[in-house]
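# An overview of the molecular structure
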Amino acid sequence: MSDSRIKWGIIGLGNIAHQFVKDLALVEEAELYAVASRDLHKAKTFAATYNALFFYDDYNALFDDAKVEIVYIATTHDLHASLTIKALQSKKAVLCEKPIAVNYAQAFRMVQASKDNNCFFMEALWTRFNPSIREVLLKIKQGEIGDIKYINADFAFSVQKLNERMTDLNLAGGSLLDMGIYPLFLVYAILGRPDKIMALASFFDSGADAQTSMILQYKTAQAILHSSFVSPSNMEATISGLEGRITINSIWHEAQSYSVVRNNHKVDYALPTKGKGFTYEIEECHFCLKKKQIESKLWSHQNSLDLMAIVDSVRKEIGLIYPSDKE
């Protein structure tokens, strides 16, 4: 591989990391350089499967590797803040999987570490960079369907065998941080921070939320959102304005298409993604690194902080507390 390629390190080698590196291979300027897991066998197997040059059973060893330029952090939610800050202090750029952190206070420290160390840092909210989502946001901004009055979005499916990551409070499990953050992102991207939030949830025996329903109130608009591990939904998103509506087709958070309805006339738009769609956030990271930016203009530090503040408000409404809130 050419030394001109940007060398990536991956920390946390679960399901999301497997999906991510498959798309990383589709980006010509990217090189999977090193991976790390607390399980040496897992690290070695992952490296062999995806042709990483190095593997470690210690996260700090990857941070200390001088050749690693940017670290993708794909661990459980509870570790996002501490590992991101360590990576930034090691002068590594960071793409941290969503949610950015467990709460606003953690997210604020992560952003501050990026500024203090003058290192690029971005939350891996891949939906923001999806071509369909970008086009939808542009159409809304240009007034395609008039002033927005209502948004409905959900992210729900039935999980027959829930794993520990999904239900363990110590790992910040539950549907809100795993899936609810996507519909919350969509509404925030269109309408900004709400004036009022109402929410109710059902819980697993562990205390993690099994399903959460939310109403976001704005001065002239409302949104009704839902996340769940216990029952499936259409997983579409509909944005309604005074002059029409836009539907982002299922599965909307990794959209391949959308439609616009105006004056009872429907137009369909298809924008298939390259790979699963992680490619676009990877390319944004590369763009920012080349421009020597410490944050993305498409999904900024402030955007991540605002979204986490909204999540905190939902959690307050439903009474959801994580052990890592104390950290």
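To start, this report covers the structure provided alongside it. Throughout, a residue's number is its position along its own chain's written sequence, starting from 1. Owing to the predicted nature of the model, reporting of local features is limited to residues with pLDDT of at least 70; listing and counting of side-chain atom pairs is limited to 80 or more, with chain, interface and lining totals taken over all residues. Heavy atoms from the whole structure form the basis of all side-chain values; hydrogens and water molecules are not counted.

## Remarks on the packing of helix α4 (residues 80-89) against helix α5 (residues 104-116)
Between N-to-C directions, angles span 0 to 180 degrees; the directions come from axes that are lines fitted to C-alpha atoms, helices contributing only their stretch in contact. The helix count covers DSSP runs of H or I at least four residues long, the strand count covers runs of E at least two residues long, and both are numbered beginning at the N terminus. Orientation of α4 relative to α5, taken along the N-to-C sense of each, is 10 degrees, at an axis distance of 9 Å. As far as their axial angle goes, α5 and α4 are roughly parallel. Listed contacts from α5 to H80, A81, T84, I85 and L88 of α4 are Q106, R109, M110, A113 and S114. Classification convention: Asp, Glu, Lys, Arg as charged; Ala, Val, Leu, Ile, Met, Phe, Trp, Tyr, Cys, Pro as nonpolar; all other residues, Gly among them, as polar. Split into classes, the residues belonging to the contact of α4 with α5 amount to five nonpolar, four polar and one charged. We call two directions roughly parallel when the angle between them is under 35 degrees, roughly antiparallel when it is over 145, roughly perpendicular when it lies between 65 and 115, and oblique otherwise. Every residue pair with non-hydrogen atoms within 4.5 Å of one another is taken to be in contact.

## Quick notes on the sheet that holds strand β10 (residues 222-228)
Pairing between the strands of a sheet comes from backbone hydrogen bonds, and it takes one of two forms, parallel or antiparallel. Pairing between two strands requires that DSSP report at least two bridges joining them. If you trace the eight strands from one edge of the open sheet to the other, you get β8-β9-β10-β7-β11-β12-β13-β14, paired in mixed fashion. The open sheet terminates on both sides in strands that have one partner only, identified here as β8 (196-203) and β14 (265-270). Between one strand and the next, the sheet's axes are offset by a mean angle of 10 degrees, whatever the strand orientation. Bridge count for strand β13 (residues 257-262) against β14 is six bridges, and the pairing is antiparallel. Bridge pairing in β14 links V260 to V267. Along the sheet face, helix α8 (residues 175-191) touches β7 (148-156), β9 (209-217), β10, β11 (237-241) and β12 (244-248) and points at about 160 degrees away from the line of β7.

## Here we look at the environment of E295
Checked against the element boundaries, E295 lands in the loop between α9 (279-290) and α10 (301-318). The classification of residues rests on relative accessible area computed with a 1.4 Å probe and restricted to protein chains. Under 20% of the type maximum is buried, over 50% is exposed, and intermediate values are partly exposed. Looking at E295, the relative accessible area reads 28%, which means it is partly exposed. C-alpha of E295 to C-alpha of L191: the two residues are 104 residues apart in sequence and 22 Å apart in space. The residues touching E295, leaving out its near neighbours within four places in the chain, are F120, F121, C288, S300, H301 and Q302.

## Things to note about the pattern of salt bridges
The salt bridge criterion pairs a side-chain nitrogen of Lys or Arg with a carboxyl oxygen of Asp or Glu, the two atoms within 4 Å. Summed over the entire model, instances satisfying the criterion amount to eleven salt bridges. One salt bridge in this structure joins E135 and K139, with 3.8 Å as the shortest N-O distance. You can see E135 and its partner K139 sitting in helix α6 (residues 131-141), four residues apart, about one turn around the helix. Here E135 falls in the partly exposed class, since its relative accessible area comes to 27%. For R315, the salt bridge identified is with D325, shortest N-O distance 2.4 Å. Taken together, the residues span a long stretch of sequence, with R315 in helix α10 and D325 in the segment after α10 at a distance of ten residues. Looking at R315, the relative accessible area reads 5%, which means it is buried. Through salt bridges with shared partners, one network takes in D312, R315 and D325.

## Side note on the packing of aromatic side chains
Aromatic pairs are defined between Phe, Tyr and Trp rings, using the six-membered ring for Trp, whenever the two ring centres lie within 6.5 Å; interplanar angles under 30 degrees are classed as stacked, those over 60 as edge-to-face, and all others as tilted. Enumeration over the complete set of coordinates arrives at 13 aromatic pairs. Between F155 and Y182, the ring centres sit 5.4 Å apart and the planes meet at 50 degrees, which makes this aromatic pair tilted. Residue F155 is found in strand β7, and its partner Y182 is found in helix α8; the two are separated by 27 residues along the sequence. Each member of the pair, F155 as well as Y182, is classed as buried.

## Considerations on the pairing of strand β5 (residues 93-97)
Among the five residues in β5, five count as buried, and that is most of the element. Of the two faces of β5, the one holding A93, L95 and E97 and the one holding V94 and C96 are both buried throughout. As paired strands, strand β4 (residues 70-73) and β5 are joined by four bridges and run parallel to one another. Following the sheet pairing, Y72 is matched in β5 by L95.

## Points about the packing of helix α1 (residues 15-24) against α9
One can describe the packing of α1 onto α9 by two numbers: an axis separation of 9 Å at closest approach and a directional angle of 65 degrees. Considered as vectors, α1 and α9 are oriented roughly perpendicular to each other. Every pair of crossing elements has a handedness; the one defined by α1 and α9 is right-handed. In this structure, α1 contributes F20, D23 and L24 to the contact, and α9 contributes T279, E281 and I282. In terms of residue class, the contact of α1 with α9 is made up of three nonpolar, one polar and two charged. What makes a crossing left-handed is the near helix being turned counterclockwise from the far one by less than a right angle; a clockwise turn instead makes it right-handed.

## Considerations on the side chain of N130
Examined against the element boundaries, N130 turns out to sit in the loop between β6 (121-124) and α6. Judged by relative accessible area, which is 5%, N130 ranks as buried. When near neighbours in sequence (up to four residues on either side) are disregarded, N130 contacts E254, A255 and T273.

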